[in-house]
Each structure stands twice: as structure tokens, then as C-alpha cells.
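So you can see what is in the structure, the chains are spelled out below.
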Amino acid sequence: MTGMTRTRGFTLIELMITLAVAAILAAIAVPTYLRYVESARATEAKSVIGNIDNAAKMYYQTYGEWPTDVEELENSGQLEVDRSTKRKWVFELQLSDQGGRIIATSTGDMGGGEGRVVEFDRESGDYRGYGT
């Protein structure tokens, strides 16, 4: 066997091990990334919910009753919500002297899909649902 040279390269086993390691890393990284993206998308709704809560408190101090919807807050001058946000999220107010809830539901224009819900419990101050 003189005169034959051995070429260097990767064996099939080495390639399979490398692919297995890459698959394991992807299995860990992809769900983490998706949760991060959901959280980022929900941040817009959470921000507006916080603004709605503050505007509702001012509305209550001015008029002695809780607003029934976001349009009422906007018409009173207590709140302004961007058109782009309104295309992505629909906000529902369920307010009372005991606290209540503010609920944001995504529309088809939101990147994460339609029907995602972010809920703010005013009594506990906790957010629940999508991206939390």
C-alpha cells in the first residue's frame, strides 16, 4: 500500500454528533426566543393598558363615574391611543370601585395572531395572558 495518501475529512459519526449538538441547542433556543417575541409584542398592549388605567382614574375624579370604553376616554381628552395600536389591539374596560379589569385582545394585524389576550387586574396590579 505504498503510494496511497490518506485524505483528511470528517467521518459520518463526527457529522452526526455535530448535527445532534446543533439540534439540541436549537431545541433550547427557539422556545426561549419565541417567548421573548411574545413578551415584546405584549409590551405594547401593557403600555396602553397602563395609560388607560391612569386616564380612567382621572376620568373618575372628573366625572364621578368610571368610563365604559376607550372612546369615552379619548373623547374626554384623557387619553390618546395611536391608530397603529388600535389596528393591532382592541381594549375592553370592566371598571368599578372595587377594581375591575382592562382587557386587550389582538386583531389579525398583530404579528402574533388574532385572539391573543392580555388582561390587567386592577385590584392586584397583575397582568395575565399572552406574553406574561
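The structure this text deals with has already been given above.
Residues numbered from 1 in each chain as written. Predicted model: local features only at pLDDT ≥ 70, side-chain atom pairs only at ≥ 80, totals over all residues. Heavy atoms only, no water.

Engineer: Before we go on, may I ask you to explain helix H1 (residues 12-63) in this structure?
Structural biologist: Because each turn of an α-helix spans 3.6 residues, side chains separated by three or four positions end up pointing in the same direction. Taking 1.5 Å of rise per residue, 52 residues should cover 76 Å, and H1 covers 75 Å from first to last C-alpha, within 8% of that figure. Remark: the principal bend of H1, roughly 30°, maps to threonine 43. All buried positions along H1 are accounted for by Val37, Ala42, Ala45, Val48, Ile49, Ile52, Asp53, Ala55, Ala56 and Tyr59. Residue glycine 64 follows H1 closely and has a positive phi angle near 75°. (Helix = DSSP H or I, 4+ residues; strand = E, 2+ residues; numbered from the N terminus. Expected span 1.5 Å × (residues − 1). Bend = angle between axes of the 7 residues up to and from the residue. Buried < 20%, exposed > 50% of the residue type's maximum accessible area, 1.4 Å probe, protein only.)

Engineer: So what exactly am I meant to see when it comes to the side chain of serine 106 here?
Structural biologist: Note that serine 106 resides in strand E2 (residues 99-106). Overall, serine 106 belongs to the buried group, its relative accessible area being 4%. Side-chain polar atoms of serine 106 contact the backbone nitrogen of arginine 116, separated by 2.8 Å. Here serine 106 is in contact with Lys88, Trp89, Gly113, Glu114, Gly115 and Arg116, once residues within four sequence places are set aside. (Polar contact = N/O pair within 3.5 Å; in protein donor to acceptor, adjacent residues only side chain to side chain. Contact = heavy atoms within 4.5 Å.)

Engineer: In this structure, what is going on with a nonpolar patch on the surface? I would like to understand it.
Structural biologist: Taken together, Leu12, Ile13, Met16, Ile17, Val21 and Leu25 make up a surface patch of nonpolar side chains, about 630 Å² in accessible area. Secondary-structure assignment places leucine 12 in helix H1. Using a relative accessible area of 60% as the deciding quantity, one classes leucine 12 as exposed. (Patch = residues over 30% accessible without salt bridge, like charges linked within 9 Å, V, L, I, M, F, W, Y side chains within 5 Å. Areas by Shrake-Rupley, 256 points an atom, 1.4 Å probe, with all protein chains shown as cover. Salt bridge = Lys/Arg side-chain N within 4 Å of Asp/Glu carboxyl O.)

Engineer: Just checking my understanding: could you explain the pattern of salt bridges for this structure?
Structural biologist: Any two side chains of opposite charge can pair if their charged atoms end up close together. On inspection of all chains with the given rule, the structure shows 7 salt bridges. For the salt bridge of aspartate 53 with lysine 57, the shortest nitrogen-to-oxygen distance reads 3.4 Å. Remark: lysine 57 and aspartate 53 occur in helix H1; sequence separation between them is 4 residues, near one turn of the helix. The exposure class of aspartate 53 is buried, given its relative accessible area of 8%.

Engineer: Would you mind showing me how to read the environment of threonine 68 here?
Structural biologist: One can find threonine 68 in the loop between H1 and helix H2 (70-75). Each C-alpha atom, one on threonine 68 and one on serine 124, is 21 Å from the other, the two residues being 56 residues apart in sequence. Of note is the side chain of threonine 68, whose polar atom sits 2.6 Å from the side chain of glutamate 72.

Engineer: Just checking my understanding: could you explain the environment of glutamate 119 for this structure?
Structural biologist: You can see glutamate 119 is positioned in strand E3 (residues 117-121). On the accessibility criterion, glutamate 119 (16% relative accessible area) is buried. Apart from residues lying up to four places away in sequence, glutamate 119 is in contact with Arg101, Ile102, Ile103, Asp126, Tyr127 and Arg128. For glutamate 119, the side chain forms a polar contact with the side chain of arginine 101, separated by 3.1 Å.

Engineer: Got a minute to help me understand the nonpolar core in this structure?
Structural biologist: Here is a general trend for soluble globular proteins: nonpolar side chains tend to be buried in one another's company. Counting residues in hydrophobic clusters, the biggest one holds 23 residues, and the most contacted among them are Ile52, Trp89, Phe91 and Val118. When residues in this core are grouped by element, the largest group, 8 residues, is from H1. Beyond its immediate stretch of four places on either side in the chain, valine 118 contacts Ala42, Ala45, Lys46, Ile49, Trp89, Ile102, Ile103, Ala104, Tyr127, Arg128 and Tyr130. (Core = buried A, V, L, I, M, F, W, Y, C linked by side-chain atoms within 4.5 Å.)

Engineer: Which parts of the structure should I look at to understand the sheet that holds E3?
Structural biologist: Each strand in a sheet pairs with its neighbour through backbone hydrogen bonds, running either in the same direction (parallel) or in the opposite one (antiparallel). As summarised here, the arrangement of the 4 strands in space is E1-E2-E3-E4, forming an open sheet in which the pairing is antiparallel. Strand pairing shows two members of the sheet lacking a second neighbour, strand E1 (89-96) and strand E4 (126-129), which therefore form its edges. For this sheet the average axis-to-axis angle between neighbouring strands, irrespective of direction, equals 15°. Where E1 and E2 come together, 8 bridges link them in antiparallel fashion. Within E2, the residue paired with phenylalanine 91 across the bridge is alanine 104. Helix-sheet contacts for H1 involve E1, E2, E3 and E4, and the interaxial angle to E1 is about 35°. (Pairing = 2+ DSSP bridges. Axes fitted to C-alpha atoms, helices over the stretch in contact; angles between N-to-C directions.)

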